Amino acid sequence: MNWSSWTEFFAMGGYGVYVWGSYAVTFACVIGEILLISKRRRTLVKRYGLIHDSDTEEFSDIKTVQNTEKASDKKEISDAKEISNKEEIKNETTS
């Protein structure tokens, strides 16, 4: 089609309202989708950050508990060795 002026081009043979309206709706949908995707991304990053932080804290709490258990186990073992050594010494002196 050949248009002799910009007015005819924008009128599109009487269908300009439909053509330009569909372009406007498409443009609005694309912009809206971009904004929604960026909002979802920010939400996921925030959620992942919270989950990641809580996992790290949980992991460090578990590690602390494990270290405490290991330390108490070592102390119990050393206490048991000490008691057995004292009993051996007592037995040797009484024999």
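Let me sum up the structure you'll find in this document. The structure presented is a predicted model; accordingly, all values stated were derived computationally and were not measured. (Residues numbered from 1 in each chain as written. Predicted model: local features only at pLDDT ≥ 70, side-chain atom pairs only at ≥ 80, totals over all residues. Heavy atoms only, no water.)

Turning our eyes to something else, we now look at the overall build of the chain. Looking only at helices and strands, the chain features two helices and zero strands. Buried residues in the chain amount to 2% of all 95 residues. As displayed, the chain offers around 8,900 Å² of accessible surface, 63% of which is attributable to carbon and sulfur atoms. (Helix = DSSP H or I, 4+ residues; strand = E, 2+ residues; numbered from the N terminus. Buried < 20%, exposed > 50% of the residue type's maximum accessible area, 1.4 Å probe, protein only. Areas by Shrake-Rupley, 256 points an atom, 1.4 Å probe, with all protein chains shown as cover.)

To continue, consider the packing of aromatic side chains. Inspection of every chain in the model, using the stated rule, returns six aromatic pairs. Between Phe-9 and Phe-10, the ring centres sit 5.3 Å apart and the planes meet at 70°, which makes this aromatic pair edge-to-face. Its relative accessible area of 23% is what places Phe-9 among the partly exposed residues. Given a relative accessible area of 45%, Phe-10 falls into the partly exposed group. Connected via pairs of aromatic rings, a cluster forms that spans Trp-6, Phe-9, Phe-10, Trp-20 and Tyr-23. (Phe/Tyr/Trp six-rings, centres within 6.5 Å; stacked < 30°, edge-to-face > 60°.)

Our next topic: a nonpolar patch on the surface. Together, Phe-27, Val-30, Ile-31, Ile-34 and Leu-35 make up an exposed nonpolar region whose accessible area comes to about 490 Å². Along the chain, Ile-31 falls in helix α2 (residues 16–94). Ile-31 sits in the partly exposed class, given a relative accessible area of 36%. (Patch = residues over 30% accessible without salt bridge, like charges linked within 9 Å, V, L, I, M, F, W, Y side chains within 5 Å. Salt bridge = Lys/Arg side-chain N within 4 Å of Asp/Glu carboxyl O.)

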